Amino acid sequence: MQDILEAIMAAEESSDPDRELAGVAALPVPDSYRGVVVRAEEARMFDGMAARDKDPRKALHVQEVPTPELGPGEALVAVMASAINYNTVWTSIFEPVSTFKFLQRYGRISELTRRHDLPYHVVGSDAAGVVLRTGPGVTRWAPGDEVVAHCLSVELEDAAGHDDTMLDPQQRIWGFETNFGGLAELAVVKANQLMPKPRHLTWEEAASPGLVNSTAYRQLVSHHGANMKQGDVVLIWGASGGLGGYATQMALNGGAIPVCVVSSPEKAELCRRMGAELVIDRAAEGFRFWKDEETQDPDEWRRFGERIRELTGGEDPDIVFEHPGRETFGASVYVARRGGTIVTCASTSGYQHQFDNRYLWMHLKRIIGSHFANYHEAWQANRLVALGKVHPTVSRTYPLEQTGQAAYEVHRNAHQGKVGVRCLAPTDGLGVRDGELRARHEDAINRFRGH
Ligand SMILES: NC(=O)c1ccc[n+]([C@@H]2O[C@H](COP(=O)([O-])OP(=O)(O)OC[C@H]3O[C@@H](n4cnc5c(N)ncnc54)[C@H](OP(=O)(O)O)[C@@H]3O)[C@@H](O)[C@H]2O)c1
């Protein structure tokens, strides 16, 4: 592994980084590597505890695992950096189900997928790194290519997935519903998960947008999602968080008017730094949409709606960008404009939603379900980053050994933007190949740093 890292590091000072990187083709692939895993034998370790009290630091381990054989259409990547996604939080607290169930189901499909069904699960759905090897049939990528990986794993053997790859019946999220994920020194991906690494970014910056940026792109911009247009008022929950930090940037880029909801003055400030002007601090303003576990408070929906109108000059949201779920969904349906769209990709606070359907049907609103992004949407989202039109939101990074701590902070909502993880990268700041483009965007790239 050291030789591989040295070859990648040689590109740092070189006048011809591509030549240095191509050298990895001649280096042997290690038999094993360090990865962040959960263990099947510990899947019941938190039984009986409230989700909030389950501690990712206890379940996530860094351990040496065997390097899997590469199959047709796959690539082995030396991972320089990855990032924490909420799905790793779910995996590490075994909620709502243990991800070993996903691996077992995947393992039943074929000889090749059986490799994934193991008593350990290498997690992680983001990666930036260097291609080490490609499997049979891969022509587009070669050893030495600097890449990022999106997390859509599809088999594409069924007609259902050939219009929109997210509709493939064998659609899975890599590193969550498959093994050999990105929080590791090496990762196995399908080659069609690979995209060019944005050349003006460091490894940890390039790795961090992947999952959330692609998800926000489909949810908000794509015709499969809310199909946002210029002038739309977009209510964005968690606007400085993983998804929200990208949704806010896309709303501003696309000429829409984001109304950002956050829970602290510091987060409100981050939204303003991205260029948003309309911000609601839900904690400071004390919104409580539930009177108790079973009863919502429509007066609070109204107060929230009035606050939005106060900020927008009387307009209601054309689009509500939803993911907190149970706690906010009733309010989201209520405040959306007549004919508006509530687009949801998650249920962080609970997946049994309640809303007053009269506000939906009488006011002709729509609820759209959205999940990750198809290959084309992920590519478009990465392209926006590569062009310097959407910027990373890395607030801090941790070394691989402290992934548990990083996931713990995301679980406790104690983070801002994205939390990066250095896998092979010994320090932050490496991997920049286009200093000129970077210089033009340095302030925007660093907006979230240190928060
Ligand atoms: N379907 C998909 O493809 C997909 C993709 C990505 C993520 N997700 C899911 O989406 C959710 C959010 O992911 P993320 O990466 O954005 O996480 P994140 O970085 O934790 O950000 C979520 C933000 O939502 C806000 N929030 C959390 N609980 C809330 C509540 N009860 N009421 C109102 N706001 C709340 C918080 O912001 P404030 O405290 O500042 O308000 C938080 O920063 C997770 O459940 C994740 O699993 C799904």
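Conventions adopted
Residues numbered from 1 in each chain as written. Predicted model: local features only at pLDDT ≥ 70, side-chain atom pairs only at ≥ 80, totals over all residues. Heavy atoms only, no water. Buried < 20%, exposed > 50% of the residue type's maximum accessible area, 1.4 Å probe, protein only. Helix = DSSP H or I, 4+ residues; strand = E, 2+ residues; numbered from the N terminus. Arc of directions from axis to C-beta. Contact = heavy atoms within 4.5 Å. Polar contact = N/O pair within 3.5 Å; in protein donor to acceptor, adjacent residues only side chain to side chain. Near = heavy atom within 4 Å. Areas by Shrake-Rupley, 256 points an atom, 1.4 Å probe, with all protein chains shown as cover. Nonpolar A, V, L, I, M, F, W, Y, C, P; charged D, E, K, R; others polar. Pairing = 2+ DSSP bridges. Axes fitted to C-alpha atoms, helices over the stretch in contact; angles between N-to-C directions. UniProt positions renumbered as here; feature names shortened; annotations may be inferred. Phe/Tyr/Trp six-rings, centres within 6.5 Å; stacked < 30°, edge-to-face > 60°.

### Here we look at helix H15 (residues 435-445)
Logical step 1: Looking only at H15, the buried set comprises Leu437, Arg438, His441, Ala444 and Ile445. Seen from one end, H15 has its buried residues packed into an arc of 100 degrees, which puts them on one side. Across H15 from its buried face, at more than 90 degrees, point the exposed residues Glu436, Ala439, Arg440 and Asp443.
Logical step 2: Among the structural elements, helix H6 (203-207) and helix H13 (375-386) are those in contact with the buried residues of H15.
Logical step 3: Backbone nitrogen of glutamate 436 and a side-chain oxygen of the N-cap are separated by 3.3 Å at the start of H15; the cap is aspartate 434.

### Some remarks on unusual backbone geometry
Logical step 1: Of the consecutive residues glutamate 95 and proline 96, the connecting peptide bond is found in the cis state with omega at -15 degrees.
Logical step 2: Note on placement: proline 96 falls in the loop between helix H4 (86-92) and helix H5 (100-107).
Logical step 3: For phenylalanine 180, which is not a glycine, the phi torsion comes out positive at approximately 60 degrees.
Logical step 4: Looking at where phenylalanine 180 falls in the secondary structure, it is placed in the loop between strand S8 (172-173) and strand S9 (186-190).

### Describing the site of the ligand
Logical step 1: Taken together, 25 residues lie around the ligand, and Ser263, Arg282, Thr348, Phe372 and His415 are the ones closest in.
Logical step 2: Serine 263 places a side-chain nitrogen or oxygen 2.6 Å from an oxygen atom of the ligand.
Logical step 3: With respect to the ligand, the backbone of cysteine 345 contributes an N or O atom lying 2.9 Å from a nitrogen atom.
Logical step 4: Calculation on the ligand without its partners gives an accessible area of 900 Å², and the protein chains cover 91% of this total.
Logical step 5: Looking at the shell around the ligand, the elements that each hand over two or more residues are H4, helix H7 (210-221), helix H8 (242-253) and helix H11 (326-335).
Logical step 6: Ranked by residue count, the leading element in the shell around the ligand is H7, at three residues.
Logical step 7: Residue classes in the shell around the ligand are distributed as ten nonpolar, twelve polar and three charged.

### Focus: the side chain of serine 332
Logical step 1: Among the secondary structure elements, serine 332 is positioned in helix H11.
Logical step 2: You can call serine 332 buried: its relative accessible area is 0%.
Logical step 3: In contact with serine 332, other than residues within four places in its own chain, are Trp237, Val320, Glu322 and Ile342.

### Details of the sheet that holds strand S12 (residues 257-262)
Logical step 1: Taken in spatial order, the six strands line up as S13-S12-S11-S14-S15-S16 in an open sheet, and their pairing is parallel. Unpaired on one side and paired on the other, strand S13 (278-281) and strand S16 (366-369) mark the two borders of the sheet. Here the strands of the sheet are splayed against their neighbours by 20 degrees on average, with no regard to which way each runs.
Logical step 2: Docked against the sheet, H11 engages strand S11 (233-236), strand S14 (319-322), strand S15 (341-344) and S16, running at close to 170 degrees with respect to S14.

### Notes on the environment of phenylalanine 321
Logical step 1: With respect to the helices, strands and loops of the structure, phenylalanine 321 is situated in strand S14.
Logical step 2: On the basis of relative accessible area, phenylalanine 321 is assigned to the buried category, the value being 0%.
Logical step 3: Once you skip the residues sitting within four places of it in the chain, phenylalanine 321 turns out to touch Ala216, Gln219, Leu220, Leu235, Ile236, Trp237, Leu243, Gly244, Ala247 and Val343.

### Concerning the UniProt feature "domain: Enoyl reductase (ER)" (unreviewed entry) in the chain
Logical step 1: Feature annotation in UniProt places "domain: Enoyl reductase (ER)" (unreviewed entry) on residues 55-421, given in this structure's numbering.
Logical step 2: Regarding residues 55-421, the helix share stands at 30% and the strand share at 22%, and the terminal C-alpha atoms are separated by 18 Å.

### Regarding the side chain of histidine 116
Logical step 1: Inspection of the secondary structure puts histidine 116 in the loop between H5 and strand S4 (120-122).
Logical step 2: Looking at histidine 116, its side chain comes within polar contact range of the main-chain nitrogen of asparagine 179, at 3.0 Å.
Logical step 3: With residues near it in sequence (within four places) discarded, histidine 116 still touches Leu103, Tyr106, Thr178, Asn179 and Phe180.

### Comments concerning the sheet that holds strand S1 (residues 32-39)
Paired through their backbone hydrogen bonds, the strands of a sheet run either parallel or antiparallel.
Logical step 1: The three strands lie next to each other as S2-S1-S4, forming an open sheet whose pairing is antiparallel. Looking at strand neighbours, the two that pair on one side only are strand S2 (61-66) and S4, the edges of this open sheet. Averaged over neighbouring strand pairs, the angle between their axes works out to 60 degrees when direction is ignored.
Logical step 2: On top of the sheet, H5 reaches S1 and S4; it is set at about 90 degrees to S4, its chief contact.

### Quick notes on the packing of aromatic side chains
Logical step 1: Summed over all chains, the structure comprises 13 aromatic pairs.
Logical step 2: Aromatic pair phenylalanine 289 and phenylalanine 304: ring centres 5.4 Å apart, planes at 70 degrees, arrangement edge-to-face. Taken together, the residues span a long stretch of sequence, with phenylalanine 289 in the loop between S13 and helix H10 (298-312) and phenylalanine 304 in helix H10 at a distance of 15 residues.
Logical step 3: Judged by its relative accessible area of 0%, phenylalanine 304 is buried.

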